[in-house]
Amino acid sequence: MDALRVEGLRAGYGDGPDVLVDAGLDVAPGEVVALLGASGSGKSTLLRCVAGLHPLRSGRVRIGGEDVAHVPVQARGIGLVFQDHALFPHRDVAGNVAFGPRMHGLDATSTEERVARALADVGLSHLAHRAVDELSGGEQQRVALARALAARPRLLLLDEPYGSLDRPLRERLAGELPSLVRGEGIGAVLVTHDQQEALRAADRIGVIVRGEVRQLDRPDALWRDPIDADVAAFLGVGVLLDVDVADGVAHGAAGPLPLPGALRTAGGPATLLLPHSALRLHGTGRATGGHEGTAVLTATVVEVRFAGDHHRLEARLASGDVVSVRVDDAVALPAPSTIVELTVRMEALRRYPRA
């Protein structure tokens, strides 16, 4: 049974147009699903609809198999965690975490057991009696998460929970989320604008484009095979080239590219995704061709940046598009304005209908 299933969801504000358009989503018990999308795409609205904080125009929301259309917020079995923590300043850490169990009518002993487990899960047992205004931002966020978990929810909803924290702490807390969710056997939906945060936390990632969950997939599959040009553009996995295909060759401003396999099947206008990961520095001078399964494009180096264990080379194609190329050999780094050849791994290309 799914922890969450959303089908055909439409929602909006006032008399305005739909913000969510036939949105669908499913989350399994023990799974974290992250929602990514541009500002205004509808990801927070979707979360609020699931929580019962925003009305649906149509569609269905099921939590643990139960249709919750007429179930009030407090009875849906949901744990909510927001960016601002929303902690009670007049209560200590344990008092904040105990709020949910007490609201559900648990006795003192059961509440104390719930609080102890939740604080242990988030690593804050030693701060049980600390005032919340004496905690760091990361500690406050852990308290908010513990408070949600102590209520034993069927589903955990997190809306930009780490947005106010510095990156190392955000990544660490996001990385802890999957084990917490699996340990409690609940599903979780994480709304975030940060792709790295989503990669750290999520088993699957959904990309929302103009109110529709356009693709929901494992992170590796999502980055390797975006379902359409909109998803590819949002993820920033490469550059999108308008081309005309004839006799298996894509002709465009970046130069001719002989297409592999299924990409050759039909001629006409198309949009081609050239992933950054498909490019490697080939050499300098004029393009002369590549090995089997590859092609070569000419580009002009814009800049080279150190990126820890490698360098990132930014280069401008003849089309004007700028691509990002990983270079592992520091000795081979060309200077800005140098003309270079980039080897393209052709199997990584993706073809979409021309918008």
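Residues numbered from 1 in each chain as written. Predicted model: local features only at pLDDT ≥ 70, side-chain atom pairs only at ≥ 80, totals over all residues. Heavy atoms only, no water.

Draft legend 1. Highlighting the environment of Gly 236. Relative to the helices and strands, Gly 236 resides in the loop between helix H9 (229–235) and strand E11 (238–246). Separated by 13 residues in sequence, Gly 236 and Trp 223 place their C-alpha atoms 9.1 Å apart. (Helix = DSSP H or I, 4+ residues; strand = E, 2+ residues; numbered from the N terminus.)

Draft legend 2. How the structure looks around the pattern of salt bridges. Counted under the stated rule, the structure contains 28 salt bridges. Arg 117 serves as the salt-bridge partner of Asp 121, at 3.8 Å between the closest nitrogen and oxygen. Taken together, the residues span about one helical turn, with Asp 121 and Arg 117 both in helix H4 (residues 108–121) at a distance of four residues. With a relative accessible area of 33%, Asp 121 lands in the partly exposed category. Here Arg 167 and Asp 194 are joined by a salt bridge, their closest N and O atoms 2.7 Å apart. Residue Arg 167 is found in helix H6 (residues 167–184), and its partner Asp 194 is found in the loop between strand E8 (187–191) and helix H7 (195–201); the two are separated by 27 residues along the sequence. Salt bridges sharing common partners tie together Arg 167, Arg 170, Glu 171, Asp 194 and Glu 197. (Salt bridge = Lys/Arg side-chain N within 4 Å of Asp/Glu carboxyl O. Buried < 20%, exposed > 50% of the residue type's maximum accessible area, 1.4 Å probe, protein only.)

Draft legend 3. The sheet that holds strand E2 (residues 18–27), seen in detail. With respect to topology, four strands assemble into an open sheet ordered E2-E1-E4-E5, the strand pairing being antiparallel. Since the sheet does not close on itself, it has two edges, and those belong to E2 and strand E5 (66–67), each with one partner. In this sheet, E5 lies alongside strand E4 (residues 58–63) in antiparallel orientation, the contact comprising two bridges. For Arg 62, the partnering residue across the bridge sits in E5 and is Asp 67. Relative to strand E1 (residues 4–12), helix H1 (residues 43–51) is tilted by about 115 degrees, and along the sheet it contacts E1, E2 and E4. (Pairing = 2+ DSSP bridges. Contact = heavy atoms within 4.5 Å. Axes fitted to C-alpha atoms, helices over the stretch in contact; angles between N-to-C directions.)

Draft legend 4. Region of the structure containing unusual backbone geometry. Phi is positive for Asp 247, close to 55 degrees, though the residue is something other than glycine. Relative to the helices and strands, Asp 247 is located in the loop between E11 and strand E12 (249–252). By relative accessible area, which is 76% here, Asp 247 ends up exposed. You will see that Ser 337, though not glycine, has its phi angle at about 80 degrees, which is positive. Within the fold, Ser 337 resides in the loop between strand E18 (322–327) and strand E19 (339–345).

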